[in-house]
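Letter by letter, the chains look like this.
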There are 2 protein chains.
Amino acid sequence: VSFAAPIQPGAHIAPSTLFKPLDTFPRRHIGPRDNDLPVMLKTVGVASIDELVTKTIPAGIRVEQAPAVGEPLAEAELLSELRKMAAKNKVFKSYIGLGYADTITPPVILRNIMENPGWYTQYTPYQAEISQGRLESLINFQTMVSDLTGLPVSNASLLDEGTAAGEAMLIAFTIHNRRRKTFLVDTATNPQTIACVRSRAEPFGINVVVSDASGWERELEESGQDIMGVMVQYPAADGRVPDYERLAAQARSRKSIVVAATDLLALAVLRPPGEWGADIALGNAQRFGVPLGYGGPHAAFFAVRDEHKRRMPGRLVGASKDTHGKVAYRLALQTREQHIRREKATSNICTAQALLANMAAMYAVYHGPQGIKDIALRVHHLTSVLAEGLTQLGYTITNRDSFFDTLTVRLDFPSSELVAFAEENRINLRIDEKNTIGVTLDETVTKQDLQHLVRVFALGSVQRHMLVSDSSVPSVDTLAAARFATAERSFNFAPKLARTSAYLSHPVFNSYHSETEMLRYIMHLQSKDLSLADAMIPLGSCTMKLNATTEMIPVTWPEFNSLHPFVPQHQALGYKTLFEELEYSLAKITGFDAISLQPNSGAQGEYAGLRVIRAYHESRGDVKRNVCLIPVSAHGTNPASAAMCGMDVVVVKCDAAGSLDAEDLRVKAAQYKDRLAAIMITYPSTYGVFEDGVREVCDLVHSYGGQVYMDGANMNAQVGLCTPGDIGADVCHLNLHKTFTIPHGGGGPGMGPIGVKAHLAPFLPGHPLTKVGGQAPIGPISAAPWGSASILPISWAYIRMMGDVGLRKSTEYAILNANYMAKRLEPYYKILFRNENGLCAHEFIIDARPFSASAGIEAVDIAKRLHDYSFHSPTMSWPVGNTLMIEPTESEPRSELDRFCDAMIAIRQEITDIETGKQPRENNVLTNAPHTQEVLLSENWDRPYTREQAAYPLPNLRKRKFWPTVSRVDDAYGDRNLFCTCPPLELDE
Amino acid sequence: VSFAAPIQPGAHIAPSTLFKPLDTFPRRHIGPRDNDLPVMLKTVGVASIDELVTKTIPAGIRVEQAPAVGEPLAEAELLSELRKMAAKNKVFKSYIGLGYADTITPPVILRNIMENPGWYTQYTPYQAEISQGRLESLINFQTMVSDLTGLPVSNASLLDEGTAAGEAMLIAFTIHNRRRKTFLVDTATNPQTIACVRSRAEPFGINVVVSDASGWERELEESGQDIMGVMVQYPAADGRVPDYERLAAQARSRKSIVVAATDLLALAVLRPPGEWGADIALGNAQRFGVPLGYGGPHAAFFAVRDEHKRRMPGRLVGASKDTHGKVAYRLALQTREQHIRREKATSNICTAQALLANMAAMYAVYHGPQGIKDIALRVHHLTSVLAEGLTQLGYTITNRDSFFDTLTVRLDFPSSELVAFAEENRINLRIDEKNTIGVTLDETVTKQDLQHLVRVFALGSVQRHMLVSDSSVPSVDTLAAARFATAERSFNFAPKLARTSAYLSHPVFNSYHSETEMLRYIMHLQSKDLSLADAMIPLGSCTMKLNATTEMIPVTWPEFNSLHPFVPQHQALGYKTLFEELEYSLAKITGFDAISLQPNSGAQGEYAGLRVIRAYHESRGDVKRNVCLIPVSAHGTNPASAAMCGMDVVVVKCDAAGSLDAEDLRVKAAQYKDRLAAIMITYPSTYGVFEDGVREVCDLVHSYGGQVYMDGANMNAQVGLCTPGDIGADVCHLNLHKTFTIPHGGGGPGMGPIGVKAHLAPFLPGHPLTKVGGQAPIGPISAAPWGSASILPISWAYIRMMGDVGLRKSTEYAILNANYMAKRLEPYYKILFRNENGLCAHEFIIDARPFSASAGIEAVDIAKRLHDYSFHSPTMSWPVGNTLMIEPTESEPRSELDRFCDAMIAIRQEITDIETGKQPRENNVLTNAPHTQEVLLSENWDRPYTREQAAYPLPNLRKRKFWPTVSRVDDAYGDRNLFCTCPPLELDE
Ligand SMILES: Cc1ncc(COP(=O)(O)O)c(C=O)c1O
Ligand SMILES: Cc1ncc(COP(=O)(O)O)c(C=O)c1O
Ligand SMILES: O=C([O-])O
């Protein structure tokens, strides 16, 4: 693609083109070149892109205008514009706490993981054999969480602490078969967590009682029967470190589930929840080296007692073995997930926070147990020096003898006065109430910072100003000397709560403490993972397009990445502009009237959207509307989200062509007309086709008073060509990590903002601490007001650099690339579900079912064999069993499309060889795939094919080959012998 | 190593430790842990580190005090300190030109090469089989240079344009057997280039005549016999694009060598020097995507006619084939290099600018021929719009009809007035003379920039201020319209000088134009190169230690990396402080009185130091002193540098123990006592031993009036334990890319500052454009006043983070690591040259000579077999033939030392198997090493060992293995069939 018209010497030069920068982005983002176009169009059988689009998208829904997001900025322009915007964010020192603490990202992790496409471009590690690096790192994360919380099974991250708390409540709910209706939450829990829990509770009619845990003894006694669970924050949000052992025992004796929201750093010195009786521990792993990012992305953790492991939400990595008995990691117990459970799920989590979990795990790997403990103790001791200072200054600390890193201070003057003075000094404190404030310290606090803080407290009220001069501010040296005059006072919590058990004792946490070792460990793991830096990842429905460097650069600028989510909004004016502009563009692109940037994954978007629909119906008194129609082809998150909104899911059939069965829809819509809340459709469909008649579907549902929810996962086929708003959708989520180039991070982060029509705007989600959302907002969907704010510059940058025309072109090429591949493959494979012109949208499905009988080959065999060809496999067996769904995206160059097609064609020949009996059905290159170096180099080669056939089925592989590091992983073995922390080294000898 | 005392709960807490940050650096930099120490000391046979040092370093030279460079800063502290320093550098828009132009580093190159340890940590690609990635990239560089200059053979970079010009002159000098004495240089050549050429000429008595090339016809006619060569700048420094064809023909007819200093971007539209008759083209490749960096590092290029290729300085990459006939790259014609030629060399270049050459090459790969041409044309056309504006404003442009990107403007008021006004507007112009100024445009210039520039010219004198108001400043749109009203005027140089020939037509420049493709290409090449991110690189004398992320981060901050080298010094106050502090620390560390930061490699340091010594002697009238004693064991750069200073090299023998032969020294010193200029010694010696009696050597030389030059390549064994200044050296260079953690970049950049005693300080090198150096400075050694300024933050950061104690510890561990390995290996190999206590310094030599007879095995076979064990080989056959010199550095952890020793021990067994006849002498794992995947997987395996023995001689290799990508490379074939540009693709099928 060449968008820059070359200036020809001697030719007439148009002054208007002269000044245009040359570092334009669309030609960098889009793969095929201008000179690829003729042959690609010819292969597809159309004369022009325009003809292709006309024949792909039903008439009537195609828009004429590219979205009005403006002229494209070149890459350098973009960065300079963004620098200006960033400069409007003020990076003050924040002592706000509430689950977010500043942290030092070890530079070796910052550069080689967070800023490294070899770590951030992958999808969730579904293909274990080419993902052993991340899987090992994620099992490190699980081990770290498990060790620190004292609970045996941890997952590999959730979206944030607030929603993790909601998930915990729902486990308690389902354990009691939804019969118990009350969930107790201690008052001293982070306010955003309480709000998220309440919000999650609402659709299920759960009664969330927020009260002081000290009174629960009575409560449990009196109504224990109805109490599904209790949740405390440990240490408490006000800083106290209560002893919950008795409470936990009492709750558990009533079969109430005990949930501890907690802090990994504190647990390095505090008795862990698992040891005092918690069933579930959860929290935010952010302070383990993950930047604050104005709220995210961070990895929430979630650990449970063994008995609850099958109820645990989210991805769980487990150790299993491969066909040669070698230890191999893979995602375990996948049947727990919404993909399988669908409307029976109480969790819809899909994209989580893998990249951030990896960073947190690496932080623990780098620091080791002693390093983590040193950090915890330093934070703790500095807090006690501060306590000494405040006491000397005459302040009342409400938790003077019970804290880890947080003090609550009662003032005899309005807290706003102190907070304002602090802000003048570039310091943010937390206002708890009118006359109390909170201070939470973190590992970044220097001696000078602490001195500044003491000074602010010394001079922090008008009155004090007059009494105390700068020279009489106590020095922190003096305070420390006073505080540590005696040895006994080194801890500030009940001695019984001091941690005695070991943690992080596995060798992995004790081997890589120099930077050289750490770097090599990171690089070694990276080398086991196939990423977009190696090859195409043609995962249907996942849109693995380029995550461009220019888009990524701002994410690690301090101005975007060092803001606490609850700083005053006037400190974040750069973000404000960015949000407004991004909302504006997304609204233009989707045809909606309002956007919420809060949901931090696609599934959260679905949930938010359906909740908004419910709120809308309720606002009109339409309280009975709780049926959600969902096509059988829908992604598992759809029914799960609907169920989480308390909706009844009614499944709509699809016809043989893959379209919604119009008759079935008509019947069911009519049948439920009084209760019809919504229909959820994916467009183009999950089968990769722009269905005809989608407008009619919307009209039908509307005619019965229902709303239309569009799953925007396939938005990459729509941008600039048609808009959900026009088509008839009332809400749609956008996976910014698909269409809008946020990298998938190996399983997260993501962002799933929703767009809505005006009538739904009043209900967009709010937040307890920050004014966001509609006039009559539903509760928060995420812990932070704008979800994972710090990755929004990525999508903003993408849109600004593509501009109207670029965005549309991008979609056109996504469609072209898919159809080009489909046409190349169609002589060899059955392509399912294309439209009447024989065209797919931006992805297509290959049928592997016939090979089952003809050759004993399943889709999974093809998928694994593709690893031998240095490819990630397409999406496997979704949305149709035993098929492969291929989505190349616009970013793949023709050479890579061809390389993939050549591989698939060669594999087809390999299948033929089985069909024709040239190769045995049980022992061939496909069933034995993937082939590792080790297997191929073994002396005893007794296979009916050569090593070279296994390793180099195509000549180019001799020049460039990505190697799987384990043979086919045995999932069943792993699930039977579940092992979810780092395995002892002996195992792997 | 744990330097942070762990805070124990319940223990007494010393307030002074409490506030210390925990992200301390020494324990990250140094490999072994505290708990490794006992076993390591035991292996070495000493009770403590102190005992080790006492037994290693001769009594009397060891200092008691660690260098007084201050308390260490923690990593985050360091970065925040450095941010403050950086903020004092002002990033203005510079139109200064003179060989430096701002550029857009494509972000994909910035992040994945310049900021990626997988690209920047390697040494020069001496081990071709594990360096094919960089070698391919460097051959791309050569191809690009060759294409653009129109000359067939290009090297893989020199240090800077100034020294490249010096090298060109010396080629001309030697071509005429040093008989012709005159070198003509055109007046309109960059002033720093002229100064460098003059400086290089001086020791040889070459007469550099700077005059207007238009008068050379006469000159050549009259004294052509004596004119070795002529040099012009093309385009000229004042902007003109002269036609030099006639001149070149005339010069060549007189056998004068024609040298063109030129500009790669201009050559995209101008007739290249190779086509109008130049023998040599050289210049700075900086504007191809390499940041300005206040002067460096950048890659200079150098291309010659075929007949001169064997005289070309620097590294040359060539295509050859491996033992299986596969195309393989490697360094070609190494016999040209100073390693071999020693005192017969006229160039001493060793470390060059590989990393920057790679960046420039990738810039061409990413943009391709059309992209480069677009950039060139845009710059050219914008310059012509500016010309239009200046003309309309009434200015006189001296080169109105002859320019590419530079205008010279004659003012009717003092140029200082305009320049000052420009600076107020954050714009730097070039003052050429009192009433002319220069303006050079570059690819970063935006429309707005151009408008600002026009405005500055419009309002730039007091008088104009009064006449012209802001509103009457002509708009660039109007100017452009006027300028391009007719098509004919699109070029501003003689039509005959327009380029007609193609360039960059090899597929590599036409295949990777989307970011995805580019990223994969970069990553693919990276995967072929073993770097410090993969394994230890135990290259003796090269000090491949950690290049820490925190040290690297500031290098790409705009405040360090976007300053033109000739901005007014008050715009670079951050740099000023950094230079002062670094000079102070280096002086403390070395025991010298003054430092020059100008030399940008070790070899340049040698040259600078010897020149300073000569200047000193001359200042005392001691003009006869031109003998330089150099031990036979010296690095090739030593005699080469001495020769370049016009010195006569007298070689001093070494005794069997590897020490200087005291008797020989005495005799020769006495023999040359009247002519004795200096001795060059390396300490500890190049044999890796702290020689006894080094003080006596110094005293002896001093007693005859000679000076002592110390080669500081082995400074990593001295820092904090002894100092060159104390020992008796008068000058010493420091390879900052060894001891002071600047990464080697795969063959550069580096920095080689020198320290001198007070009596030599007056002679430290100066610079024509910036006040640096001594009172009676020698001419410049580098084109930029502070050499490669932008990498100096690396060494500064290292010193600041290590502090006194850390630096000393670092040295102690470097010595410990080496001795630990030597002791582990000594039962298996003969270790050459240790001191009387059986101890080495920081490196040691293993003798491979015995295996020659016993097994037919040479050092090279061991080196290549080490690749199969996933190691880079040690330094091969230097300083003693058929040996391996191992230097682990302090950064390697014990596990890696052990892994290496295990590999060497296993290899020893493999040799035994040959010695005992178990394996044949001609066909065994060593002679056939290294083994590639492809070879091992071939069906026809007829070797007397198994595939597994070849690939996995130790069990750990099954888990983690780095693969060589070609088999043993055939050097002789490559030199016979020299091919130094990208080979046609067919070759590699
Ligand atoms: C069609 C569809 N809907 C919803 C989702 C869920 O999105 P997320 O993973 O961001 O939660 C996906 C994820 O791949 C999807 O493909
Ligand atoms: C002993 C010795 N002297 C001098 C040099 C030359 O230094 P540079 O490569 O920086 O020019 C080297 C390079 O390795 C060396 O080992
Ligand atoms: O490059 C070296 O000679 O070490």
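Everything discussed here concerns the structure shown above.
These numbers come from a predicted model, not from an experiment.

Cut-offs applied
Residues numbered from 1 in each chain as written. Chains lettered and ligands numbered in written order. Predicted model: local features only at pLDDT ≥ 70, side-chain atom pairs only at ≥ 80, totals over all residues. Heavy atoms only, no water. Phe/Tyr/Trp six-rings, centres within 6.5 Å; stacked < 30°, edge-to-face > 60°. Helix = DSSP H or I, 4+ residues; strand = E, 2+ residues; numbered from the N terminus. Buried < 20%, exposed > 50% of the residue type's maximum accessible area, 1.4 Å probe, protein only. Near = heavy atom within 4 Å. Polar contact = N/O pair within 3.5 Å; in protein donor to acceptor, adjacent residues only side chain to side chain. Areas by Shrake-Rupley, 256 points an atom, 1.4 Å probe, with all protein chains shown as cover. Nonpolar A, V, L, I, M, F, W, Y, C, P; charged D, E, K, R; others polar. Contact = heavy atoms within 4.5 Å. Buried area = accessible area lost by both parts, 1.4 Å probe. Salt bridge = Lys/Arg side-chain N within 4 Å of Asp/Glu carboxyl O. Least-squares fit on C-alpha atoms with pLDDT ≥ 70 in both. Core = buried A, V, L, I, M, F, W, Y, C linked by side-chain atoms within 4.5 Å. Pairing = 2+ DSSP bridges. Axes fitted to C-alpha atoms, helices over the stretch in contact; angles between N-to-C directions.

**Student:** What is the right way to read the packing of aromatic side chains from this model?
**Tutor:** Here a ring pair, both rings aromatic, is described through the centre-centre distance and the interplanar angle of the planes. Residues and elements named next belong to chain B. With the rule as written, the count across this model stands at 50 aromatic pairs over all chains. Ring geometry for Tyr-244 and Trp-276: centres 5.7 Å apart, planes at 50 degrees, overall tilted. Separated by 32 residues along the polypeptide, Tyr-244 in the loop between strand S5 (227–234) and helix H12 (245–253) and Trp-276 in helix H13 (residues 273–276) bring together distant segments of the chain. Each member of the pair, Tyr-244 together with Trp-276, is buried. Look at Tyr-294 and Phe-579: their rings are 6.2 Å apart centre to centre, the planes differ by 10 degrees, and that puts the pair in the stacked class.

**Student:** What is the right way to read the site of ligand 1 from this model?
**Tutor:** All names here are of chain A. The environment of ligand 1 is made up of 16 residues, and the closest members are Thr-351, Ser-541, Gly-602, Asp-711 and His-737. Between Tyr-123 and ligand 1, the recorded distance is 3.2 Å, taken from a side-chain N or O atom to an oxygen atom. At 2.6 Å from an oxygen atom of ligand 1 is found a side-chain nitrogen or oxygen belonging to Thr-351. Bound to the protein, ligand 1 loses 99% of the 390 Å² it would expose on its own. Of the residues forming the shell around ligand 1, the biggest block, three residues, is contributed by helix H24 (residues 602–619). Classifying every residue of the shell around ligand 1 gives five nonpolar, eight polar and three charged.

**Student:** Just checking my understanding: could you explain the interface of chain A and chain B for this structure?
**Tutor:** Quite often, the size of an interface is put as the accessible area lost when its parts meet. Every contact between the two is made by 102 residues of chain A and, on the other side, 102 residues of chain B. With both chains or domains summed, chain A and chain B bury close to 8700 Å², and 58% of this area falls on carbon and sulfur atoms. Of the charged contacts, one joins Glu-934 of chain A and Arg-958 of chain B as a salt bridge, the two residues approaching to 3.1 Å between their closest N and O atoms. Top element by residues in the side of chain A that touches chain B is helix H15 (residues 354–392) of chain A. It accounts for 11 residues.

**Student:** So what exactly am I meant to see when it comes to the relation of the copies chain A and chain B here?
**Tutor:** Once chain A is rotated about the relating axis by 180 degrees and shifted along it by 0.0 Å, it coincides with chain B to within an RMSD of 0.0 Å. Between the two chains, the operation in question is that of a two-fold axis. The position closest to the rotation axis in chain A is occupied by the C-alpha of Leu-937 of chain A, lying 3.4 Å away. Both copies present the same face, since 100% of the interface residues in chain A are matched by interface residues at the equivalent positions in chain B.

**Student:** Is there a simple way to explain the environment of Glu-890 of chain B in this structure?
**Tutor:** All names here are of chain B. Residue position: Glu-890 is located in the loop between strand S26 (883–886) and helix H32 (894–915). Separated by 173 residues in sequence, Glu-890 and Ala-717 place their C-alpha atoms 10.0 Å apart. Beyond its immediate chain neighbours, meaning those up to four positions away, Glu-890 contacts His-29, Ile-30, Gly-31, Pro-32, Lys-545, Asn-716, Tyr-798, Ser-810, Tyr-813, Ala-814 and Asn-817. A polar contact is formed between the side chain of Glu-890 and the side chain of Lys-545, at a distance of 2.8 Å.

**Student:** Quick question: what am I supposed to make of the nonpolar core here?
**Tutor:** Nonpolar side chains in soluble globular proteins tend to end up buried together. Counting residues in hydrophobic clusters, the biggest one holds 556 residues, and the most contacted among them are Met-144, Leu-429 and Phe-457 of chain A together with Met-144, Leu-429 and Phe-457 of chain B. Excluding residues that lie within four positions of it along the chain, Phe-457 of chain B makes contacts with Leu-390, Leu-393, Tyr-395, Val-409, Leu-418, Leu-429, Ile-437, Val-439 and Arg-464 of chain B. Counting 65 residues, the second largest nonpolar core, distinct from the first, contains Ala-164, Val-304, Met-644 and Val-731 of chain A.

**Student:** Can you walk me through the site of ligand 2 in this structure?
**Tutor:** Residue and element names in this part refer to chain B. Residues in contact with ligand 2 amount to 16 residues; listed here are only the nearest, Thr-351, Ser-541, Gly-602, Asp-711 and Lys-738. The side chain of Thr-351 places a nitrogen or oxygen atom 2.6 Å from an oxygen atom of ligand 2. One nitrogen or oxygen atom from the side chain of His-737 is found 2.7 Å from an oxygen atom belonging to ligand 2. Calculation on ligand 2 without its partners gives an accessible area of 390 Å², and the protein chains cover 99% of this total. Ranked by residue count, the leading element in the shell around ligand 2 is helix H24 (residues 602–619), at three residues. Partitioned by chemical class, the residues of the shell around ligand 2 number five nonpolar, eight polar and three charged.

**Student:** Just checking my understanding: could you explain the sheet that holds strand S22 (residues 754–756) of chain B for this structure?
**Tutor:** Hydrogen bonding along the main chain pairs the strands of a sheet, whether they run parallel or antiparallel. All names here are of chain B. Judged by pairing direction, the sheet is mixed, and its seven strands sit side by side in the order S16-S22-S21-S20-S19-S17-S18 without closing on themselves. The sheet is open, and its two edges are formed by strand S16 (594–596) and strand S18 (648–652), each paired on a single side. For this sheet the average axis-to-axis angle between neighbouring strands, irrespective of direction, equals 25 degrees. By the bridge criterion, three bridges tie strand S21 (residues 731–733) to S22 in an arrangement that is antiparallel. Bridge pairing in S22 links His-733 to Ile-754. Those strands touched by helix H25 (residues 637–644) are strand S17 (627–631), S18, strand S19 (676–682) and strand S20 (707–711), and its axis lies near 175 degrees from that of S17.

On their own, these measurements won't tell you what the molecule is for.
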